[in-house]
Amino acid sequence: MANTVINILPMDFITIKNDFKVFLKSQTRYKDYNFDGSNWSVVMDMLAYNSFRALFYTNMIGTEMFLDSAQLHDSIVSHAKELNYVPRSNISAVLNVNIAIDTGDAFSAVISPYTPFSGRVGSNVYTFSTNSQITAISSNTTIPFSNVAIYEGIVVAESFVMDSANLYQKFIISNPGIDTSSLAVVVSEDSGSSNLTYLQATSLFDLNANSQVYFVQGSSSNKYELIFGDNVVGRKPADGATIFALYRISSGDFPNGLSVITPVGLVGGYSNVFLTVLGAASGGAFQEDGASVQFNAPKAFTTQERAVSDGDYETLLRRNFPEIRAVAAFGGDELSPPIYGKVFISVEITNVDGIPDSKKTQYTNFLRTRNSVTIIPVIINPDFIYVDVNTIAKYNINKTQLDDETIRSEVSNAINNYNNINLNDFKTTLTHSEMETDIDDCDVSMVSNETTLRLIKLLTPIAGISQNFGTTFNQPLQDDLPPLEVTHNANSQHTIISSTFLVNGKTVVLEDNGNGIINLAETTLSIHKIISSIGTIDYSTGIITINNIKPQTGNVITLYAVAKSKDLTGQQNIILKIRPQDITISIVQLRI
């Protein structure tokens, strides 16, 4: 009897061909036929080849049909259009400078748009230019221009001719390195007698048939396309009109960090020009890749360019400011005590410590046009809580030829990889058991490990000045340790213990007494002796208050805390992070 069961799961060439053989051999007339030694082998090769190609292309078509499974960048961009999402283009690095022009006799000066400057990073030279016309006056002949923003990129012009007879005409910007925020579009009609400036629109609000606007959308090959109105929503350029597009071609993030700049030729018509750079170039970024579009497009669609929920604030900032590495938003009602009417947004910028005031202003102004008028957005710095990791790693020397130091390196790599994948961001959780599993899996010879964790906060005092500190670990801390005597062993269990520092010539530490009091204790050899009470600790919230402390030096005081749970959490503006210097690894050899 013929085989009526068809196996449709295997998709590789050899399996398909073998399935043909099995099927034919199940037929009575081909039961003893030698398919490998006859022309049937060629026929089956052709059938298997054709089937394999059909299966492959069908699979690829199915994959490219959906945003979350598409692999080709053009497919991803096409799906993003359905969500009204425009993938971020290259962004020019920005450098802020003070410019002083010695005119010799004039008391004012004008710097024209696109005035060029030049800078170098390594062997690469980058062109910067002003973005608009700037005018300044002075009571003398040295004309100051303060805090002038100059943008990296070569300025180019491109033109198109409107052909209304071509129903499929597209206005595609030829260079994929464009910074779309720099686009300036002018439509010249009536043989140049009428020049109309068109502005970029991002929504249909307040647009009518006379609105001189254009839209930008992603196109194939990483390029961008200009879309004009239809005389219903947005004015359509007249037939035969010439469309001029002026824009910068950005070098992405390569110019970031540049801090030396010189004029290229005259500035404002003068050669006596003095520049003061106010900070290194920053903000440059490359075009958004496919994975980022897949992540951001659905979220941007749900925000609809307005900030209502916490996720809306986060999505809007991530989408529009590529320098942001991590962002978390939360309502003031979540604070203790609550602060109503405000939403707090904590931002970490790539390769920048803290948030410059200029960035805070920029982010705040951006959000104010998109959130509720009754809510005030407040940009705050992230609060880092570091994790002290102490691991005793046991391995079987009969299963490996690696020495102790190599095993130590493998364990260290496993911990650092866990940090890079699971931590170093807002709203993360360090799961103790998962970290121990990663350590055990770092090498086949690993038997087990005993890993203990402590939280770390850093206090930076001012030497010789009495001062107060308030900090929080933002999670419950261990609260079941026995109270400490005035004089006790240095190795006694503490929920809170600090590194040593000097006060009044004595080497001291900060420690809790088990009853919610923070004491200042003198440390000599292996003994701690309490000098005075200096603060409090709330074990349920992790909030610590330290009063009237006067260290002799300004060295950083490291504050260690033991959490109530083995699993550590980062909430609100907290970023959990494991630093390499906070990892201690002890190696134990076993012979099993």
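Just so it is clear, the model here is predicted, and its values are computed rather than measured. (Residues numbered from 1 in each chain as written. Predicted model: local features only at pLDDT ≥ 70, side-chain atom pairs only at ≥ 80, totals over all residues. Heavy atoms only, no water.)

S.K.: Can you break down the sheet that holds strand β14 (residues 261-263) residue by residue, with the values?
M.R.: Sheets are built from strands that pair by backbone hydrogen bonding, the pairs being arranged parallel or antiparallel. The strand order across the open sheet built from 6 strands is β14-β3-β4-β6-β1-β15, with neighbouring strands paired in antiparallel fashion. Bordering the open sheet on either side are β14 and β15 (273-277), each of which pairs with just one other strand. Averaged over all neighbouring strand pairs, the angle between strand axes comes to 35 degrees, with direction disregarded. Direction of pairing for strand β3 (residues 116-121) relative to β14: antiparallel, over a ladder of 3 bridges. Residue serine 118 lies in a different strand from β14, and its bridge partner there is threonine 262. (Pairing = 2+ DSSP bridges. Helix = DSSP H or I, 4+ residues; strand = E, 2+ residues; numbered from the N terminus. Axes fitted to C-alpha atoms, helices over the stretch in contact; angles between N-to-C directions.)

S.K.: Any details on the packing of aromatic side chains? Residues and values, ideally.
M.R.: Aromatic ring pairs are reported here in terms of the distance separating the ring centres and the angle at which the planes meet. Counting across every chain of the model gives 10 aromatic pairs. Between tyrosine 214 and phenylalanine 228, the aromatic rings sit 6.5 Å apart at their centres with planes inclined by 50 degrees, giving tilted as the arrangement. Of the two residues, tyrosine 214 sits in strand β11 (residues 213-218) while phenylalanine 228 sits in strand β12 (residues 224-228), which places them 14 residues apart along the sequence. Since its relative accessible area comes to 11%, phenylalanine 228 is described here as buried. Ring centres of phenylalanine 384 and tyrosine 386 lie 6.0 Å apart, and the angle between their planes is 10 degrees; on these two criteria the pair is classed as stacked. The positively charged end of arginine 454 is found above the aromatic ring belonging to tyrosine 560, 4.1 Å away from the centroid. Just above the ring of tyrosine 386 sits the side chain of arginine 579; from NZ or CZ to the centre is 4.2 Å. (Phe/Tyr/Trp six-rings, centres within 6.5 Å; stacked < 30°, edge-to-face > 60°. Buried < 20%, exposed > 50% of the residue type's maximum accessible area, 1.4 Å probe, protein only. Lys NZ or Arg CZ within 6 Å of the ring centre and 35° of its normal.)

S.K.: Account for helix α4 (residues 290-303), with residues named and values stated.
M.R.: Between its first and last C-alpha atoms α4 spans 20 Å; for 14 residues at 1.5 Å apiece the expected length is 20 Å, and the two agree. Approximately 30 degrees is the largest bend angle found in α4, and it occurs at asparagine 296, with the proline proline 298 only one to four residues beyond. Of all the residues in α4, the buried ones are Gly290, Val293, Asn296, Ala297, Ala300 and Thr303. Following α4 by one or two positions, glutamine 304 has its phi on the positive side, about 55 degrees. (Expected span 1.5 Å × (residues − 1). Bend = angle between axes of the 7 residues up to and from the residue.)

S.K.: Report on the sheet that holds strand β8 (residues 171-173), specifying residues and quantitative values.
M.R.: On the basis of which strands lie adjacent, the open sheet formed by 7 strands has the order β7-β13-β9-β10-β11-β12-β8 and mixed pairing. Two strands lie at the open edges of the sheet, namely β7 (154-161) and β8, each paired on one side alone. Neighbour-to-neighbour, the strand axes of the sheet open up by a mean angle of 30 degrees, direction not taken into account. Here 2 bridges tie strand β10 (residues 194-200) to β11, and the two strands are oriented parallel to one another. Residue pairing across strands places glutamine 200 opposite tyrosine 214, the latter belonging to β11.

S.K.: With reference to specific residues and values, describe the pairing of strand β17 (residues 342-349).
M.R.: The buried fraction of β17 amounts to 7 of the 8 residues, a majority that puts the element mostly inside the structure. As paired elements, strand β16 (residues 324-331) and β17 share 7 bridges and run antiparallel to each other. When the sheet's bridge partners are listed, alanine 329 is paired in β17 with isoleucine 345. Pairing of β17 with strand β18 (residues 376-380) involves 5 bridges; the strand directions are parallel. Bridge pairing links phenylalanine 344 to valine 378 in β18.

S.K.: Tell me about the side chain of threonine 130, and please be specific about residues and values.
M.R.: Note that threonine 130 resides in strand β4 (residues 124-130). You can call threonine 130 buried: its relative accessible area is 1%. A distance of 3.1 Å separates a polar side-chain atom of threonine 130 from the backbone nitrogen of threonine 115. (Polar contact = N/O pair within 3.5 Å; in protein donor to acceptor, adjacent residues only side chain to side chain.)

S.K.: Could you give an account of helix α3 (residues 73-82), naming the residues involved and the relevant values?
M.R.: Within the span of α3, buried status applies to Ser75, Ile76, Val77, His79 and Ala80. Looking at the buried residues of α3, the elements they touch are α2 (40-64), β11 and α4. Asparagine 84, located one to two residues past α3, shows a positive phi value of around 60 degrees. (Contact = heavy atoms within 4.5 Å.)

S.K.: Explain the pairing of β18 to me, and be specific about the residues and the numbers.
M.R.: Only one face of β18 is buried, namely the one carrying Pro377 and Ile379, since none of Ile376, Val378 and Ile380 on the opposite face is buried. Of the crossover connections in this fold, the one passing from β17 over helix α6 (residues 357-368) to the parallel β18 is right-handed. (Right-handed = clockwise from strand over helix to strand, strands pointing away.)

S.K.: Explain the packing of α4 against helix α5 (residues 310-320) to me, using residue names and the numbers behind them.
M.R.: Packed helix pairs are specified by the crossing angle of their axes together with the interaxial distance, meaning the distance between the axes. The contact between α4 and α5 brings their axes to 9 Å, and the two run at 125 degrees. Of the possible angle classes, the one that applies to α4 and α5 is oblique. For the pair α4 and α5, the crossing hand works out as left-handed. Judged by residue contacts, Lys299, Ala300 and Thr303 of α4 engage Asp312, Thr315, Leu316 and Arg319 from α5. Here the contact of α4 with α5 is built from residues that sort into 2 nonpolar, 2 polar and 3 charged. (Parallel < 35°, antiparallel > 145°, perpendicular 65-115°, else oblique. Left-handed = near helix turned anticlockwise from the far one by under 90°. Nonpolar A, V, L, I, M, F, W, Y, C, P; charged D, E, K, R; others polar.)

S.K.: Account for the packing of helix α1 (residues 13-25) against α2, naming residues and giving values.
M.R.: Closest axis-to-axis distance for the α1/α2 pair is 9 Å, and the angle between their directions is 130 degrees. Considering their axes alone, α1 and α2 lie oblique with respect to each other. The way α1 lies across α2 gives a crossing that is right-handed. Of the residues in α2, those touching α1 at Phe13, Ile16, Lys17, Phe20, Lys21 and Leu24 are Trp40, Ser41, Met44, Asp45, Leu47, Ala48, Tyr49, Ser51, Phe52 and Leu55. In terms of residue class, the contact of α1 with α2 is made up of 11 nonpolar, 2 polar and 3 charged.

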